[in-house]
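Architecture and fold: a report
Given next are the chains, with one letter for each unit.
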Amino acid sequence: MLKIMACLTLLTAATTPAIAALPPHYQRQAEFAAVLEAATVAMGIGRLIDAVEMTGPDAFMVKSGGCSVIVRIVDAPKKKEPGWVGPREFEARADAVVC
């Protein structure tokens, strides 16, 4: 009986859906997409982006010709209850464009 209860417990735990953080490469992909969008808005669609360089934790320099802009990844305000797990909620904010 104990063996059956243990098996049922493991089976139930294995079939429960889990929400977890994104794997690192998917998280970085989401950050790059947000950085590109913020840089495009800041620089305008008339400037083609030549390079994106990570200059520090959550900081990227986006270059377009002779201009550049620093885009920072900022954590979004927490909307979930404590203990909630899942993908990082963030916003990309661009500084002023420097030409």
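Residues numbered from 1 in each chain as written. Predicted model: local features only at pLDDT ≥ 70, side-chain atom pairs only at ≥ 80, totals over all residues. Heavy atoms only, no water.

Topic: the state of the cysteines
- Here the structure, examined in full by the defined rule, presents one disulfide.
- Disulfide pairing places C67 opposite C99 at an S-S distance of 2.0 Å. Between C67 and C99 the sulfur-sulfur dihedral comes to about 110°; the bridge is accordingly right-handed. You can see C67 sitting in strand β3 (residues 67–75) and its partner C99 sitting in the segment after β4 (90–94), a full 32 residues away along the chain.
- The exposure class of C67 is buried, given its relative accessible area of 10%.
- Looking at C99, the relative accessible area reads 65%, which means it is exposed. (Disulfide = S-S within 2.5 Å. Helix = DSSP H or I, 4+ residues; strand = E, 2+ residues; numbered from the N terminus. Buried < 20%, exposed > 50% of the residue type's maximum accessible area, 1.4 Å probe, protein only.)

Re the environment of L48
- Mapped onto the elements of the fold, L48 is located in the loop between α2 (24–43) and β1 (51–56).
- Accessibility expressed as a relative area gives 67% for L48, which makes it exposed.
- For the pair L48 and K63, spaced 15 residues apart in sequence, the C-alpha to C-alpha distance is 8.7 Å.
- Aside from chain neighbours lying at most four places away, what touches L48 is K63 and S64. (Contact = heavy atoms within 4.5 Å.)

Focus: the confidence of the model for the protein
- Predicted confidence across the protein gives a mean pLDDT of 82, with 78% of residues reaching 70 or more.
- Within the protein, strand β2 (residues 59–64) carries the highest mean pLDDT (96), whereas helix α1 (residues 2–15) carries the lowest (54). (pLDDT = per-residue confidence, 0-100.)

Focus on the sheet that holds β1
- What the four strands build is an open sheet, ordered β1-β2-β3-β4; its pairing is antiparallel. Of all the strands in the sheet, just β1 and β4 have a single pairing partner and so form its edges. Within this sheet the neighbouring strands show an average axis-to-axis angle of 25°, counted without direction.
- The pairing of β3 with β4 spans five bridges and is classified as antiparallel. Within β4, the position partnered with I73 by the bridge is A92. (Pairing = 2+ DSSP bridges. Axes fitted to C-alpha atoms, helices over the stretch in contact; angles between N-to-C directions.)

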